[in-house]
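The primary structure of each chain is shown beneath.
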Amino acid sequence: MPTGHESAEPRVTMRDGFIWDAQDAYLFDIDGTLLRSRDRTHVNSFAASVKQVTGFEVSLTGVALHGGTDTAILREAFALAGIPNEAWEPQIEAILEAMRQTIATRRGEMDLWTMPGVEETLKHLASRGALLGLATGNLEMIGWIKVEEVGLREWFRFGGFSDRFEVRAAMVADAAAKARELVDATEEGSPKSICVVGDTPRDIEAARANGLPVIAVATGNYSFEELTALEPDVCTSSLAALLSETVAKDARVQSGEVQAGEIEVRQ
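Each chain has its residues counted from 1, following the order in which its sequence is written. Thresholds applied to this predicted model are a pLDDT of at least 70 for local features of residues and 80 or more for the giving and counting of side-chain atom pairs; totals over whole chains, interfaces and linings are not thresholded and use all residues. Excluding hydrogens and water, the side-chain values take into account all heavy atoms of the structure.

1. Things to note about the confidence of the model for the protein chain
Part 1: Chain-level pLDDT for the protein chain is 91 on average; 87% of the residues reach the 70-or-more range.
Part 2: A score between 0 and 100, pLDDT records how confident the predictor is in each residue. Only heavy atoms enter the contact rule, under which two residues are in contact if any of them lie within 4.5 Å. The low-confidence segment residues 260-267 (pLDDT under 50) makes 21 contacts with residues lying over four places distant or belonging to another chain.

Below is the structure:
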């Protein structure tokens, strides 16, 4: 299934010395990274829920959706509609609950598919003892429903969501804190290594804001070139390409063609 910016030729770039599959925990974005959608069930739930709860008419036309959080998207939609904060903020939790219930009721109408190499990559990381979690702009109930619908729920133990966080960096910070608790990050005061995996500049920015390494995957709405220009620790045309490159390198290490510490960088 085509994925917008999926390259015909697999491509991977990697920061020298960074071992992408040797981190203690990973925080995966959902939309564009783990999966994509052919339907507009989630998108349509914003305006419908606002109308149901407040009576106001809003539109997502002109709103920056990719890499945004559901709560920030709502705020921007109200701003573009010229509706003052005091008119809707007291009802925000009712709006969010209406969105949750819409998706719960209509989950069977969602048409989702998994990105190339996702399940194989999750299996690979889990086999190396990594803790896997989510860091997504979705509301928590909606995020878990999406992951369940494509059969990936078993891989994830925790997540960071937008119910309480409009700013993506704050949501990632919350997810990272949960990861540190789960991997016992308090040894000698040093945090464990936690890596963000996402498909947008906002994922990269949020990771950097928290001092975390980041794997950028060009399976969403941003090209390999656009993401590479932001200098993530890894940029790959897909998780399938990244895993394939790693498997091929491991085979060459075993055959003696390259040393185990060598990192190949492909432009």
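Structure shown, so let's carry the discussion forward.
2. Thoughts on the sheet that holds strand 1 (residues 12-14)
Part 1: In this analysis, strands are considered paired if DSSP registers two or more bridges between them. We count a stretch as a helix when DSSP gives it H or I for four or more residues in a row; a strand needs E for two or more, and each element gets its number in order from the N terminus. The 7 strands are arranged 1-9-8-7-2-5-6 in an open sheet whose pairing can be described as mixed. On the outer flanks of this sheet lie strand 1 and strand 6 (158-160), each paired with one strand and no other. Taking each pair of neighbouring strands and ignoring which way they run, the sheet shows an average axis angle of 20°.
Part 2: Taken together, the 3 bridges between strand 7 (residues 194-198) and strand 8 (residues 214-217) define a ladder with parallel strand orientation. Its bridge partner being in strand 8, Val 197 is matched across the sheet by Ile 215.
Part 3: Each of strand 7 and strand 8 touches helix 8 (residues 201-209); the most contacted strand, strand 8, lies at about 180° to it. Angular values range over 0 to 180 degrees, each being the angle between N-to-C directions of two axes fitted as lines to C-alpha atoms, with helices fitted over their stretch in contact.

3. Quick look at the pattern of salt bridges
Part 1: The term salt bridge refers to a pairing of a side-chain nitrogen on Lys or Arg with a carboxyl oxygen on Asp or Glu at a separation within 4 Å. Tallied over the full model, the rule gives 19 salt bridges.
Part 2: The partner of Asp 174 in a salt bridge is Lys 178, and the shortest N-O contact between them spans 3.4 Å. Residue Asp 174 and its partner Lys 178 are both found in helix 7 (residues 168-182); the two are separated by 4 residues, about one turn of the helix.
Part 3: For Asp 174, a relative accessible area of 16% corresponds to the buried category.
Part 4: For every residue, the accessible area obtained with a 1.4 Å probe (protein chains only) is divided by the maximum for its type, and the residue is called buried under 20%, exposed over 50%, and partly exposed between those limits. The partly exposed category is assigned to Lys 178, whose relative accessible area is 28%.
Part 5: In this structure, Asp 233 and Arg 208 form a salt bridge, with 3.0 Å as the shortest nitrogen-oxygen distance. You can see Asp 233 sitting in the loop between helix 9 (224-228) and strand 9 (234-236) and its partner Arg 208 sitting in helix 8, a full 25 residues away along the chain.
Part 6: For Arg 208, a relative accessible area of 38% translates into the label partly exposed.
Part 7: Salt bridges sharing common partners tie together Glu 93, Glu 97, Arg 100 and Asp 163.

4. Here's the deal with the packing of helix 1 (residues 41-54) against helix 4 (residues 92-106)
Part 1: Contact geometry for helix 1 and helix 4: axes closest at 8 Å, N-to-C directions at 130°. The angle between helix 1 and helix 4 places the two elements in the oblique class. Seen along the crossing, helix 1 lies across helix 4 with a hand that is right-handed. Taking contact as the criterion, the partners of Thr 41, His 42, Ser 45, Phe 46, Ser 49, Val 50, Gln 52, Val 53 and Thr 54 in helix 1 are, on helix 4, Ala 94, Ile 95, Ala 98, Met 99, Thr 102, Ile 103 and Arg 106.
Part 2: Tallied by class, the residues present in the contact of helix 1 with helix 4 amount to 8 nonpolar, 7 polar and 1 charged. Angles below 35 degrees are treated as roughly parallel, those above 145 as roughly antiparallel, those between 65 and 115 as roughly perpendicular, and all remaining angles as oblique. A crossing counts as left-handed when the near helix is turned anticlockwise from the far one by less than a right angle, and as right-handed when that turn is clockwise. Side-chain classes follow a simple rule in which Ala, Val, Leu, Ile, Met, Phe, Trp, Tyr, Cys and Pro form the nonpolar group, Asp, Glu, Lys and Arg form the charged group, and the remainder, Gly included, forms the polar group.

5. Things to note about the nonpolar core
It is characteristic of soluble globular proteins that their nonpolar side chains tend to be buried jointly.
Part 1: Core analysis: the biggest nonpolar cluster contains 53 residues, and Phe 28 and Phe 156 have the highest contact counts within it.
Part 2: We define the nonpolar core as a collection of buried residues of types Ala, Val, Leu, Ile, Met, Phe, Trp, Tyr and Cys that are connected through side-chain atoms lying within 4.5 Å of one another. Of all hydrophobic cores here, the second largest spans 24 residues; its members include Ala 25, Phe 158, Val 196 and Ala 206.

6. Here's the deal with helix 2 (residues 70-80)
Part 1: Three or more residues of helix 2 are buried, namely Asp 70, Thr 71, Ile 73, Leu 74, Ala 77 and Phe 78. Down the axis of helix 2, the buried set is contained in an arc of 160°. They therefore lie on one face. Exposed side chains of helix 2 directed beyond 90 degrees from the buried face belong to Ala 79 and Leu 80.
Part 2: Elements that come into contact with the buried residues of helix 2 comprise helix 1, helix 3 (85-88), helix 4 and helix 6 (140-149).
Part 3: Just downstream of helix 2, Gly 82 is the residue with a positive phi angle, here 75°. The arc in question is the one spanned by the directions pointing from the helix axis to the C-beta atoms.

7. A short note on the pairing of strand 8
Part 1: Residue alternation in strand 8 divides its side chains into two sets, Val 214 and Ala 216 and Ile 215 and Val 217, and both sets are buried.
Part 2: Bridging between strand 8 and strand 9 involves 3 bridges; their strand directions are parallel. Paired with Ile 215 across the bridge in strand 9 is Val 234.

8. Things to note about the packing of helix 7 against helix 8
Part 1: Their axes nearest at 8 Å, the elements helix 7 and helix 8 cross at an angle of 60°. Considering the angle they form, helix 7 stands oblique to helix 8. Pair helix 7 / helix 8 crosses with right-handed handedness. In this structure, helix 7 contributes Arg 168, Ala 169 and Val 172 to the contact, and helix 8 contributes Arg 202, Asp 203, Ala 206 and Ala 209.
Part 2: Of the residues that constitute the contact of helix 7 with helix 8, the class distribution is 4 nonpolar, no polar and 3 charged.

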